[in-house]
Amino acid sequence: MPHNFVRRSHKHGNLYPEVYNWLRHIPNTCLFHVDYKDRHPFSRYSNSLQKIMESYIKVLDEIENVNAALLNPDGQIVYNWNKLSKAQEELLFSLLSHFDDCYHILKSIHPPILSGTEVFADKWLKQVAHPTFSDFKSETSIYRDPFSEIINKIKHNGDKLCSLVITSINKPLSITGKNINIIYLHENVRIPGYYLEGMQADGVLGPHPDIHPGNTAISFNYDLRYHFANIYRVSKSLKKAVSNGIKRLHGVTLTYPRKLEKPPRKGQWEQVAERISHLSMLFYENEYRKNIPEINFLKTSKGSEVQIATPRKRSTPWEGDTIIQSQFQVDAVALSYRPPYGVR
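These numbers were taken from a predicted model, which means no experiment stands behind them.

**Q** Explain the packing of helix α4 (residues 81-108) against helix α6 (residues 133-156) to me, please; I cannot follow it from the model alone.
**A** Running from N to C, α4 and α6 point in directions that differ by 145°, and their axes come no closer than 10 Å. Seen from above, α4 lies across α6 with left-handed handedness. For the pair α4 and α6, contact is made by E89, L92, F93, L95, L96, F99, C102, Y103 and L106 and by F133, F136, K137, T140, Y143, R144, F147, S148, I150, I151, I154 and K155, respectively. Broken down by class, the residue content of the contact of α4 with α6 amounts to 15 nonpolar, two polar and four charged.

Here it is in structure tokens:
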């Protein structure tokens, strides 16, 4: 199902996801965060977005460094690829942590209960049968589960993220437009991405088969759009879960907040949205048929605006001579390596 969002600064007060405006105005009689020695939901959500925003900026900065990096005499990009993979790992962790913050927000509207002995917020919500937790988890699991698997394998299996870039060589990449007679040429293309390194079925290291079937990878042009759009989707589900939860637990109906919030770092969030909207629309071959979110950022006389449409039309394949550059390490007991898009 399509999920379209439009946020206008002059109408909504900010470009943050919609639940941001609502959390500040939950009636105190419906909040128990102090009993749990926790932050106010608005504070918790604001801090969570701040961590995500800072992580996004690091990844976007490193992508710019990749695009601006010089070539050595062998034609290879001179760049420390560990910086990009570390920045992406931090972003994924901040996105997963965002779900924990959402669980704590749902916990804050539930009265303290003696049977709630679980330490982790999601398990506590399940233990006390929170009225809207299961719906929230069900609605957001299609987004959360795939990338949380990457993080779990990093934390528990010792796997790691590796960066790569696909670059054009000799001649521009060509893309056929809607009109088959029109060919678009892209010169000096660099499409950076990443993959989770793990053990493949035959004992060779390379892209983890559970995450990258077919020995593939994930482009940042796709991934950064995908996660940014889903932050807004999760917000919509959280707002519904909080609103319905308060109504069922306290008999109170939340109304649209009269006062719209002005975030302390408005410029940074807008810059992230704008930079994501300017990312190239070139993707990896395994992403051609994926539904890729469309992120548009506009500035008007009234203010700024972000438009998010998912899914958009499928991406257009490109053709041309390319080279893949990555950085990986073998050791005394793992001597073989199969890079992305190499021999299947």
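**Q** What exactly am I supposed to notice about the environment of I175 here?
**A** Here I175 lies in strand β3 (residues 173-176). Overall, I175 belongs to the buried group, its relative accessible area being 12%. I175 sits 141 residues away from T316 along the chain, and the two C-alpha atoms are 7.0 Å apart.

**Q** How should I be thinking about the pairing of strand β2 (residues 160-168) in this particular structure?
**A** The side chains of a regular strand alternate, first on one face of the sheet and then on the other. Where burial is concerned, most of β2 is hidden: eight out of the nine residues are buried. Relative to strand β5 (residues 190-199), β2 runs antiparallel, the two sharing eight bridges. If you follow T167 over to β5, its bridge partner there is R190. Pairing of β2 with strand β11 (residues 322-326) involves five bridges; the strand directions are antiparallel.

**Q** Would you take a moment to explain the pattern of salt bridges for this structure?
**A** It is possible for side chains of opposite charge to pair when their charged atoms get near one another. Counting across every chain of the model gives 12 salt bridges. The closest approach of N and O atoms between R44 and D101, which form a salt bridge, is 2.7 Å. With R44 in helix α3 (residues 41-68) and D101 in helix α4, this pair connects stretches of sequence that are 57 residues apart. Residue classification places D101 among the buried residues on the basis of a relative accessible area of 7%. Ionic pairing is found between R275 and D61, a salt bridge with its closest N-O pair at 2.8 Å. Placement of R275 in helix α8 (residues 266-277) and of D61 in helix α3 is noted, with a sequence separation of 214 residues between them. Since its relative accessible area comes to 23%, R275 is described here as partly exposed. Overall, D61 belongs to the partly exposed group, its relative accessible area being 31%.

**Q** Please explain the layout of surface pockets as it appears in this structure.
**A** Rolled over the atoms, a probe as big as a water molecule pinpoints where empty space is left. One number sums up the size of the largest pocket: a volume of about 710 Å³. For the largest pocket, the lining is made up of 30 residues, of which I142, P146, Y222, Y226 and K290 are closest to its centre. No other element matches the seven residues that helix α7 (residues 220-250) contributes to the lining of the largest pocket. Of the residues that constitute the lining of the largest pocket, the class distribution is 17 nonpolar, eight polar and five charged. Its boundaries defined by the atoms lining it, the second largest pocket holds a volume of some 340 Å³. As for the second largest pocket, its lining consists of 18 residues, of which L71, G75, T167, S168 and I169 are closest to the centre. Those elements that provide at least two residues to the lining of the second largest pocket are β2 and β11. A per-element tally of the lining of the second largest pocket places β11 first, with three residues.

**Q** Would you mind showing me how to read empty space enclosed by the protein here?
**A** Evaluation of the coordinates by the stated rule reveals one cavity of 30 Å³ or more. There is about 30 Å³ of room inside the largest cavity. Lining the largest cavity are I52, L95, H98, F99, Y143, N230, I231 and V234. Of the residues contributing to the lining of the largest cavity, the split by class is six nonpolar, two polar and no charged.

**Q** Teacher, can you tell me more about the pairing of β5 here?
**A** With respect to burial, β5 is a largely interior element, nine of its 10 residues being buried. Here β5 runs beside strand β6 (residues 205-207); their pairing, made up of three bridges, is antiparallel. Looking at β6, one finds that G198 is bridged to G206.

**Q** Is there a simple way to think about the side chain of S94 in this case?
**A** Along the chain, the position of S94 falls in helix α4. A polar contact of 2.7 Å, which involves the side chain of S94, links it to the backbone oxygen of L91. If we ignore the near neighbours within four places in the chain, the residues touching S94 are K51, I52 and S55.

About the criteria used
Residues numbered from 1 in each chain as written. Predicted model: local features only at pLDDT ≥ 70, side-chain atom pairs only at ≥ 80, totals over all residues. Heavy atoms only, no water. Axes fitted to C-alpha atoms, helices over the stretch in contact; angles between N-to-C directions. Helix = DSSP H or I, 4+ residues; strand = E, 2+ residues; numbered from the N terminus. Left-handed = near helix turned anticlockwise from the far one by under 90°. Contact = heavy atoms within 4.5 Å. Nonpolar A, V, L, I, M, F, W, Y, C, P; charged D, E, K, R; others polar. Buried < 20%, exposed > 50% of the residue type's maximum accessible area, 1.4 Å probe, protein only. Pairing = 2+ DSSP bridges. Salt bridge = Lys/Arg side-chain N within 4 Å of Asp/Glu carboxyl O. 1 Å grid on protein atoms, 1.4 Å probe; cavity = no way out; pocket = protein on both sides within 12 Å on 5 of 7 lines; lining within 4 Å. Points joined across faces, edges and corners; volume = space filled by probe spheres on them. Polar contact = N/O pair within 3.5 Å; in protein donor to acceptor, adjacent residues only side chain to side chain.

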